[in-house]
Amino acid sequence: MPGPILRLALPSPLRRLFDYLPPAGVPASSLRPGVRLRVPFGRREVIGILVESGEHSEVPADKLKAATELLDGQTPLPESLLRLCQWTARYYQHSLGDTLSWALPVLLRQGEPAEARQEQVWHLAEGASADDPRLARAPRQREALKAIAQHVHGVPQALLGKLQLNRSSLELLLEKGLLRIEIRRCNAPPAPHHGSWLLQPALTFNDEQRIAFEAVRASLGSFHPFLLAGITGSGKTEIYLQLIQAVLEAGKQALVLIPEINLGPQTLARFERRFNARIALLHSNVSDRERLDIWLAARDGEVDIVIGTRSALFTPLKSPGLIILDEEHDASYKQQEGLRYHARDLALVRARQEQVPILLGSATPSLESLHNAHAGRYALLKLTRRAGGASAPRFLRLDVKSRPLDSGISGPLQQAIAQTLQAGQQVLVFLNRRGFAPTLLCHDCGWTSQCQRCDARMTLHQRHSELRCHHCGHVQRQPLRCPDCGKVDLRPVGAGTERAEERLNTLYPDYPVLRIDRDSTARKGSMEKLLATINRGEPCLLVGTQMLAKGHHFPRVTLVAILDADGGLFSADFRASERMAQLIVQVAGRAGRAGEPGKVIIQSHMADHPLLVQLTEQGYFAFAEQALSERRAASLPPFSHLALLRAEAHKPGQAEGFLDAACQQAERLVNEQGLGGIELLGPVPAPMERRAGRYRAQLLLQSNTRPALHQLLGTLLPHMEQLPGGRSVRWSLDVDPIDLF
DNA sequence: AGCACGCCGACT
DNA sequence: GTCGGCGTGCTC
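Residues numbered from 1 in each chain as written. Chains lettered and ligands numbered in written order. Predicted model: local features only at pLDDT ≥ 70, side-chain atom pairs only at ≥ 80, totals over all residues. Heavy atoms only, no water.

A. Structural context of unusual backbone geometry. Here the residue pair Pro637 and Pro638 is connected by a cis peptide bond, since its omega of 5° sits within 30 degrees of zero. Locating Pro638 in the fold gives a position in the loop between helix H18 (620-633) and strand E28 (641-649). Here the phi dihedral of Ser635 falls at roughly 55°; this positive angle occurs in a residue that is not glycine. Here Ser635 is to be found in the loop between H18 and E28. (Helix = DSSP H or I, 4+ residues; strand = E, 2+ residues; numbered from the N terminus.)

Structure (structure tokens):
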């Protein structure tokens, strides 16, 4: 029997629930977990979510307030979603209320009804035609009919004005039985036509694909994690498609997660070509209203396939059948602010909770996932053959020690590029650094383009005559003379994509150079334009950042040049080599697909670095084994578990002082609770101590076991909320950080 | 977080 | 004289 005390999760960083009395006149039976209630909170009103009911409250009776309104009379939030959020909040040591704020559509947090809205949609009636004799003397009606006929899925009421259709012609057509009105949900994907789920026949599998497909299909209906490790072009997507087909045939829904890049439309198009099904795409440009409508439709089973980026993980499904997470190694699955969750890890939890199989796919799986596969936690499915018989690219490590670099491009590389272009083929030049040059230097007095607010140099963007800080976004005009000594001898140091583009233009004046990075594709449609040019297939040069490495296929590229592999070999970040290897393999995978074998030239000052040798001579999986054994030896993840406490403050030393106090607390707790195998590393100033005008520090907690780490965090955080100075210091916890900066 | 309260510096 | 800076306290 539910008691009179309601325990609510509220949108607040405070890691606890708040007790309320039921709103006046609302029967206790309608107060089920997951309903939203409007409540007074401090001096404002917020929307909370009922987590549980109880008989008693610790809170003194005179402080207890009553909720003002019950928002969800009929349908509470799906229990499965609530459960996932509770797990998430506990794992990431985050407030449940705030976790729900990240997980739910904004409009639900603002009190919008959690019920589907209906709209009227105008359709052409069966057998209706513009040649109907009754329209011979009704030109306006005939035009209106033609306009409606253009829209296969009908015209929603709201769009009539935009199409300049007036109500009266439509009414007359309706009376004549030439139009009909359908009532359907707003923003719901169009209902499938009757008949088969397939619009296009499935492709034929090779043996490896069949084995992988059968393994996952056999596990439909129960929790089972799979790691699909398939080289670029080995046909992973076809496996996804045929598994989804099996899910649709079983009357269930599929959730497909993709990285945060422009792959959404491409993926959607491919799915829409194959399936006669209701497909919804969730990405960052979907409006709040649409997002809510899709959320509701998925919850009600009115969508068959949900495709989306990180946050789509929290889309409720009425009858989930399968979760697919493509490019599972991609860092965009990890949220880097607020609730710092990893969608890949949470997808696993969700799959287990909902008893569905989950398929993680990648050509370059993360070391974490490979480790899980080795440990038997995931079934490993390998695809080693390229479909269509294209051969794997050949790698060439080019030692640039003591070679002159011309805007980052060595002599031998210049020759290789020239040969490729002369052979009528395309070249891809990869450089993971935007702008013209990372620094501007006064040759006379040594001044550099230091950012005012960060411990970093501002990057020269020559095309816009600007210096930009890539860390805080500060922009200023490019100085013509040195701000310190006034001399006119400012020199760009180092090279970014803009400089490489300029140099390549000079070196190969007969061929177009296309730059692809965040700056060149910022305007809508510019990426499509660039891709269209590339796909025409004429010889040209592509220069760009990791944007080039993801998803798109360039069949006419036969030479890939990686200008600088050293960052991945020298960095202090223990994940740098893994990321570099993934990037190299992913970029290499863009080349040589149409029968012509691809060549990949990697410039490095450490051309015989063991990891680079391993990667280029024996492939990604050999590299990964080597990297994993190094991680094991150093007790780094996945052989240990990390949590990172970050703090920042306006005054120097303040953040460090705060973390010092936290560290002492943590030490005490470790001793009190006899927690072994935990190390507290720090606090230390962050690798870039000053950023956006704030001084930053961090404290790393490392543990041999996950339970010990979580036990420590569970007791440490409540103390930290009460630490003095907690208000002038902004701090946050990152469980399983993926970069330590 | 959000929002109020409260106590000290340069401005209409 | 006050407008407003951010330290500190609280939210069932």
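Moving on from the model shown.
B. Molecular detail of the sheet that holds strand E22 (residues 475-477). One open sheet accounts for three strands, arranged E20-E21-E22; its pairing is antiparallel. On the outer flanks of this sheet lie strand E20 (459-461) and E22, each paired with one strand and no other. Strand-to-strand twist in this sheet, taken as the mean axis angle between neighbours without regard to direction, amounts to 30°. As judged from the three bridges shared by strand E21 (residues 466-468) and E22, these two strands associate in the antiparallel manner. From the neighbouring strand, Leu467 faces E22, where its bridge partner is Gln476. (Pairing = 2+ DSSP bridges. Axes fitted to C-alpha atoms, helices over the stretch in contact; angles between N-to-C directions.)

C. Fine view of the protein's contact with DNA strand C. Residues in close proximity to DNA strand C total 13 residues, the closest being Asp19, Tyr20, Gly42, Lys63 and Lys65. The sugar-phosphate portion of DNA strand C accounts for 55% of its atoms within 4 Å of the protein, the bases making up the rest. Note that a sugar or linking oxygen of DNA strand C is positioned 2.6 Å from one of the backbone N or O atoms of Asp19. Within the side chain of Tyr20, an N or O atom sits 3.0 Å from a phosphate oxygen of DNA strand C. Sorting elements by how many residues they give to the surface near DNA strand C places strand E2 (residues 18-21) first, with three residues. (Near = heavy atom within 4 Å. Polar contact = N/O pair within 3.5 Å; in protein donor to acceptor, adjacent residues only side chain to side chain.)

D. Spotlight on the environment of Pro23. Take Pro23: it is sitting in the loop between E2 and strand E3 (36-41). Residue classification places Pro23 among the buried residues on the basis of a relative accessible area of 4%. Non-local contacts of Pro23, meaning those with residues more than four positions away in its chain, are made with Leu6, Leu31, Leu37, Ala67, Thr68, Glu69 and Leu70. (Buried < 20%, exposed > 50% of the residue type's maximum accessible area, 1.4 Å probe, protein only. Contact = heavy atoms within 4.5 Å.)

E. Structural view of the protein's contact with DNA strand B. The environment of DNA strand B is formed by Pro13, Arg43 and Arg44. Close to the protein, within 4 Å, the atoms of DNA strand B are drawn from sugar and phosphate at a rate of 50%.

F. Representation of the domain arrangement of chain A. When the domains of chain A are assigned, the result is domain 1 (5-109), domain 2 (118-185), domain 3 (207-388), domain 4 (390-437 + 494-631) and domain 5 (641-735). Between the C-alpha centres of domain 1 and domain 5 there is a distance of 29 Å. Contact with domain 1, which involves seven residues of that partner, is made by nine residues of domain 5. A combined buried area of about 670 Å² lies between domain 1 and domain 5, and 50% of that area is made up of carbon and sulfur atoms. If you sort the residues of domain 1 by the area they bury against domain 5, Arg15, Tyr91 and Gln93 come out on top, with a joint share of 79%. Summed over the shared surface of domain 1 and domain 5, the result is three residue pairs in polar contact (both at pLDDT 80 or more). For the side of domain 1 that touches domain 5, the class distribution of residues is four nonpolar, one polar and two charged. (Domains from an automatic or database assignment. Buried area = accessible area lost by both parts, 1.4 Å probe. Nonpolar A, V, L, I, M, F, W, Y, C, P; charged D, E, K, R; others polar.)

G. Quick look at the nonpolar core. Core analysis: the biggest nonpolar cluster contains 119 residues, and Phe314, Leu428 and Leu542 have the highest contact counts within it. Of all the elements, helix H19 (residues 654-672) adds the most residues to this core, at eight residues. Discounting chain neighbours no more than four positions away, the residues touching Phe314 are Leu81, Leu84, Cys85, Thr88, Ala103, Trp295, Tyr341, Leu346 and Arg350. In terms of nonpolar packing, the next biggest core, distinct from the first, is built from 29 residues, Ala212, Val247, Leu248 and Ile324 among them. (Core = buried A, V, L, I, M, F, W, Y, C linked by side-chain atoms within 4.5 Å.)

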